[in-house]
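Residue-level listing of the chains:
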Protein chains: 2
Amino acid sequence: MKTVIIGSGNVAWHLAQAFKASGINLIQLFGRNQNNLKEISQKVNVPFSTENLVEADFYLICTSDQSIREVSRQIPYENVLVAHTSGSLSREVLEGSYRKACFYPLQTFSKNTNLNYKEIPFFIDAGWENDNLLLLDFAKKISENVMRINLDQKKQIHLAAVFACNFVNHLYAQAKEICDENEIPFQYMIPLIRETAEKIEKNNPKNVQTGPAARQDEIVIDLQRNLISNPIQLEIYNILTHSIKKMYEL
Amino acid sequence: MKTVIIGSGNVAWHLAQAFKASGINLIQLFGRNQNNLKEISQKVNVPFSTENLVEADFYLICTSDQSIREVSRQIPYENVLVAHTSGSLSREVLEGSYRKACFYPLQTFSKNTNLNYKEIPFFIDAGWENDNLLLLDFAKKISENVMRINLDQKKQIHLAAVFACNFVNHLYAQAKEICDENEIPFQYMIPLIRETAEKIEKNNPKNVQTGPAARQDEIVIDLQRNLISNPIQLEIYNILTHSIKKMYEL
């Protein structure tokens, strides 16, 4: 299946490498940003273009949500399959007379981090049964975690990821702020952060909750409230404490 | 330095093992819960008692915050050093005519998880200069991460840990709830959770924030708000989204 990646951001950067590592027939990188394309192109040894989109079997649009519709209009071929990687948009955002699908990789993609591509979950949702099977096979070449879903499920997965990744990272940023203000090297938090993440690989997070809120320890909670001067930080503290207390009410 | 651990909960369970692994002269386990004490005693091959506290050089009280004061009264010796492991209490909570200190290990301790004790940060705060040096040396036998702090710093470390560990675990629990309700195996979240935690070992969390709030993507934010039916979950979503948006305002 001749494959083209469209886009040159972090998702394209990683998926191009994942595709090459899995022996997928990646024949072109297409996009607007020549510098980015060039960099990926050199990394995976696949030609790029900013102007002429070659004919292929499968086009994967890895751009930002805002650009997907516009980019999808530029694919002039008909008997081809086109998918996008967005966590929130349906396949109907794609405008063309080709077959349409969603191909959603669940990971936080930053350049300059090494990812184990075999582990990345890929969620598949195509308009035609044959294309679902095609994309499931395709994704299984890359990863051991592949699942077919519908649009509602995809939106919920994306929401769960916002809690488990984006919000979690923001709490790390809040913890670092507290450390910085008190001359505590943030490095000391790393073993705790790692253990917290690793513990839930084998345990239901609900069963390994620790801390003052889970044990309804009002004395420590009040003490900590008085330590916080940043009003948004205090709001975060209050709502998460409230939510934990409610979850573990006797 | 002849050492006694008082308490038989998760902290005692792990520290007894950490002490033995580091060649510390642990001579007794003391506490109220005979079953728990027996289990730890067998694991580290150190005698336990529920009644007769032996004379030693150093007593480490690993009980819950609520019990520390009461337990501290039961140490009848004078020329000894007594410390507790609480993240929120000062050493002055200890009631006795011995030398007092805080000995705070920064980790989330659950039984049945294996911890790398060499990595656990220990924070030291003793009333006498000699005892600070003594405890720094003692902790360095166990771990590579040892730091002397004051009480204000300890409280802030504990607060930072609530954000980076307790609140983070609760967000994992929220993500699992979303997955469960939508028939998505929570296992699919694990690579994302692991990468989110690992990424900040080498990066400032502020510099690797991803997701709709960081890119001020109001369309996705509104879409996600409409997916949430649980009112507390929506409050969590709103305050964390607001806080991230503020951090990355253009």
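Everything that follows concerns the structure shown earlier in this document.
Let me begin by describing the structure that accompanies this report.

Another aspect to go through is the overall build of chain A. Secondary structure summary: chain A contains eight helices and eight strands in total. Judged by the C-alpha coordinates and their principal axes, chain A covers about 65 × 40 × 30 Å. Expressed as a percentage of its 250 residues, the buried residues of chain A come to 59%. Across chain A, contacts joining residues at least 24 apart in sequence account for 50% of those joining residues at least 6 apart. Carbon and sulfur atoms provide 43% of the accessible area of chain A, an area that totals close to 10700 Å². Charge centroids of chain A, computed over 26 positive and 28 negative side chains, lie 4 Å from each other.

This next bit is on the packing of aromatic side chains. The full count for this structure, using the stated rule, is 22 aromatic pairs over all chains. Plain terms: the ring middles of Phe103(A) and Phe138(A) are 5.8 Å apart, the flat faces sit at 75° to each other, and that makes the pair edge-to-face. Taken as a pair, Phe103(A) in strand E6 (residues 99-105) and Phe138(A) in helix H4 (residues 129-142) lie far apart in primary sequence, 35 residues in all. Each of the two residues, Phe103(A) as well as Phe138(A), counts as buried. Taking 5.1 Å as the distance between ring centres and 40° as the angle between the ring planes, the aromatic pair formed by Phe103(B) and Phe122(B) counts as tilted. Taken as a pair, Phe103(B) in strand E6 (residues 99-105) and Phe122(B) in strand E7 (residues 122-126) lie far apart in primary sequence, 19 residues in all.

A few words now on the pairing of strand E1 (residues 3-6) of chain A. All names here are of chain A. The side-chain alternation of E1 yields two buried faces, one formed by Thr3 and Ile5 and the other by Val4 and Ile6. Of the strand pairs in this sheet, E1 and strand E2 (residues 26-30) are connected by four bridges, and their pairing is parallel. Within E2, the position partnered with Val4 by the bridge is Gln28. This β-α-β element, E1 to helix H1 (residues 10-21) to E2, shows right-handed connectivity. In terms of strand pairing, E1 meets strand E4 (residues 58-61) through four bridges, oriented parallel. Looking across to E4, one finds that Ile6 is bridged to Ile61.

What counts, and at which threshold
Residues numbered from 1 in each chain as written. Chains lettered and ligands numbered in written order. Predicted model: local features only at pLDDT ≥ 70, side-chain atom pairs only at ≥ 80, totals over all residues. Heavy atoms only, no water. Helix = DSSP H or I, 4+ residues; strand = E, 2+ residues; numbered from the N terminus. Buried < 20%, exposed > 50% of the residue type's maximum accessible area, 1.4 Å probe, protein only. Contact = heavy atoms within 4.5 Å. Areas by Shrake-Rupley, 256 points an atom, 1.4 Å probe, with all protein chains shown as cover. Lys, Arg positive; Asp, Glu negative; His and termini not counted. Charge placed at Lys NZ, Arg CZ, Asp CG, Glu CD. Phe/Tyr/Trp six-rings, centres within 6.5 Å; stacked < 30°, edge-to-face > 60°. Pairing = 2+ DSSP bridges. Right-handed = clockwise from strand over helix to strand, strands pointing away.

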